[in-house]
Amino acid sequence: MNQEDFFKKITSHAKEYGFVFQSSEIYDGLSAVYDYGQNGVELKNNIRKYWWQAMVQFNENIVGIDSAIFMHPTIWKASGHVDAFNDPLIDNKDSKKRYRADVLVEDFLAKIEDKINKEVEKARKRFGETFDEQQFITTNARVLELKDQHATTSKKLYSIMEANDLVAFKQLIEDIGVVCPISGTRNWTDVRQFNLMFSTQMGSTAEGASEIYLRPETAQGIFVNYLNVQKTGRMKIPFGIAQTGKAFRNEIVARQFIFRMREFEQMEMQFFVRPGDELAWFEHWKKERMKWHLSLGIPASKYRFHDHEKLAHYANAAADIEFEFPFGFKELEGIHSRTDFDLSAHQKFSGKKIQYFDPELNESYVPFVVETSIGLDRMFLAMLSNSYNEEKLEDGSERVVLKLPAVLAPVKAAILPLVAKDGLPEKAREILQSLRYDFYCQYEEKDSIGKRYRRQDAIGTPYCITVDHQTLEDNTVTLRDRDSMQQERVSISDLHTLIAKKIRPEYN
Ligand code: ATP
């Protein structure tokens, strides 16, 4: 199955099994906005909970907050979002389609990378066992030409973005010959800057109303509460503040399902440190965050770091954790050393002193910040795409199974009476009653046991517990493992311990 078909399968599976729906679907939908269904909301809650545990519960020096989405408009002036939270956009005059100019150039660069890889694969086939990849890519004329084109174009892109030179941007798009995928023409408008923040009015009358923004990131809610939390929590540097919540960006190019949305959720942690210590903490959080991802049992080959060469104006180091989505390796999480940019800016714009008195140094300073920022919806997509499997079984039938990490699975166990009579439903409900306080379990008695197993496989339930006639005699049930489909007979009194063990990741 090619990657495009695979991605289509995932999106339709997500809809069919109540994970993700297009927002306002009965009104033909709202672009790049999605709703989570009955299983999606559980998966999303579980991801959020596991992140929160790893941050707040497992670290003595990290606490959480929940700040409002609406904030004083000057906050976005101080943070730089009013002036600089822009994407360069360009329209094709024939198709009337709008694109991000940088994405058009990046797509062009990705095509060159594909071409290089194809040359390498061709040569590997031709030379067989004697093939020396390193030698090939450093000497083959065609590959060298492509590498050169790649290097010149990406250098130009960086310098254009750095200088914010929109005229040169259009020139670059023309020079590399980008065509609109819809109209097939090169009839482009000029490149313009487009601010990604949504704004609205606060106040009841038009005259008295003031323009405010829907937050484009949760981080600023943490910065403006730094003093409140530090003082009331008697926090000592180094310490962190974590927050999860909605963020809004008027993305120009919104495709790839829940990868790029206009309303999404972030999970962010800002870690406040002594000036000068930030790069060591940056390395610490890079490692720690990768450890969190790997604790979910996903193969390490699915993740990679991408260290930023071009840094945002506020950062002195930045790296992304990229995940291999069905459409390639893309950013899942960002780890940024933000210096004292944000706190200093808020100090300046608010006129309030935002400092920390360090008793060990006997001096006050504006703390430096290392941030970890992950999109909850992107993590959801990563988990969904990684876990989707179509399997051919020994008896010739097929099953679709979501091999989700057990800690994240929407339903932890399904309790299934073999038949809906002879006292089996009552016994099954007794088991449900004993487990449901700690685990989200489902009771199902409709259809054959095989069909019920398939339904639970399709939503990623790690365990199916089947209650049969023997259960009434000796208080044992069969416990079926989702991935191996093996069944073992276990005592009802052991179920709680077995499920708890299964859903506990190796992290802390
Ligand atoms: P991108 O380059 O993909 O636009 P970004 O670098 O602007 O992302 P950040 O501002 O660093 O992203 O936001 C932190 C995280 O929030 C990202 O790593 C991503 O997981 C998530 N995120 C950002 N924008 C979106 C979006 N439009 N939809 C869903 N998740 C998003």
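In this text, all values refer to a predicted model and were calculated from it rather than measured experimentally.

Reading the values: the criteria
- Residue numbers restart at each chain and count upward from 1, following the sequence in its written direction.
- Only residues with pLDDT of at least 70 get local features here, since the model is predicted, and only at 80 or more are side-chain atom pairs given and counted; chain-wide, interface and lining totals rely on the full set of residues.
- Hydrogens and water are ignored here; the side-chain numbers use all heavy atoms of the structure.
- A run of H or I in DSSP becomes a helix once it reaches four residues, and a run of E becomes a strand once it reaches two; helices and strands are each numbered from the N terminus.
- Throughout this description, buried means an accessible area under 20% of the type-specific maximum (1.4 Å probe, protein chains only), exposed means over 50%, and partly exposed covers the range between.
- When checking whether two residues touch, look at their non-hydrogen atoms; a contact exists if any pair is within 4.5 Å.
- Put simply, two rings from Phe, Tyr or Trp (the six-membered ring, in Trp's case) pair if the centres are within 6.5 Å, and we call them stacked under 30 degrees between planes, edge-to-face over 60, tilted for the rest.
- For a ring to carry a charge above it, either NZ of a lysine or CZ of an arginine must fall within 6 Å of the ring centroid while also lying within 35 degrees of the normal to the ring plane.
- Each residue is tested against the molecule or strand, and it is near if at least one of its non-hydrogen atoms lies within 4 Å.
- Pairing of N or O atoms within 3.5 Å defines a polar contact, subject to two protein rules: one partner must be a possible hydrogen donor and the other a possible acceptor, and residues neighboring in sequence count only if both atoms are side-chain atoms.
- Each accessible area is a Shrake-Rupley estimate made with a 1.4 Å probe; only the visible protein chains count as cover when residues are assessed.
- Each residue is assigned to one class: nonpolar for Ala, Val, Leu, Ile, Met, Phe, Trp, Tyr, Cys and Pro, charged for Asp, Glu, Lys and Arg, and polar for all the others, Gly among them.

A word on the environment of Leu-404
Counting through the fold element by element, Leu-404 comes out in the loop between β18 (398-402) and β19 (413-417). The exposure class of Leu-404 is buried, given its relative accessible area of 1%. Taking C-alpha positions, Leu-404 is 34 Å from Ile-112, a pair spaced 292 residues apart along the chain. Ignoring any residue separated from it by four or fewer positions in sequence, one finds Leu-404 in contact with Leu-43, Met-383, Ser-387, Ala-409, Pro-410, Ile-459, Gly-460 and Arg-482.

Here's the deal with the packing of aromatic side chains
Under the criterion given, the structure shown has 26 aromatic pairs. Measuring from ring centre to ring centre gives 5.3 Å for Phe-323 and Phe-325, while their planes differ by 75 degrees; the resulting arrangement is edge-to-face. Classification of Phe-323 as buried rests on a relative accessible area of 0%. Here a set of aromatic residues connected by ring pairs shows up, and it is made of Phe-7, Tyr-34, Phe-257, Phe-259, Tyr-303, Phe-323, Phe-325 and Phe-327. Residue placement shows Lys-291 over the ring face of Tyr-507; its charged tip is 5.1 Å from the ring centre. Over the face of the ring belonging to Tyr-453 we find Arg-480, whose NZ or CZ atom lies 4.4 Å from the ring centre.

Thoughts on the site of the ligand
In the neighbourhood of the ligand, 15 residues make up the surrounding shell, with Glu-251, Arg-260, Met-261, Glu-331 and Leu-332 lying closest. The contact in question runs from an oxygen atom of the ligand to an N or O atom on the side chain of Arg-249, over 2.9 Å. Between the ligand and Glu-331, the relevant distance is 2.6 Å, taken from an oxygen atom to a side-chain nitrogen or oxygen of the residue. For the ligand, whose free accessible area comes to 590 Å², the fraction covered by protein is 83%. For the shell around the ligand, the per-class residue count stands at 4 nonpolar, 5 polar and 6 charged.

Observations concerning the side chain of Gln-220
Residue placement: Gln-220 occurs in helix α9 (residues 219-223). The class of Gln-220 is buried, set by a relative accessible area of 0%. Sequence-distant contacts of Gln-220, defined by excluding residues within four places in its chain, comprise Met-71, Ile-75, Trp-76, Ser-79, His-81, Arg-338, Asp-342 and His-346.

Any functional reading would require information that these geometric values do not contain.
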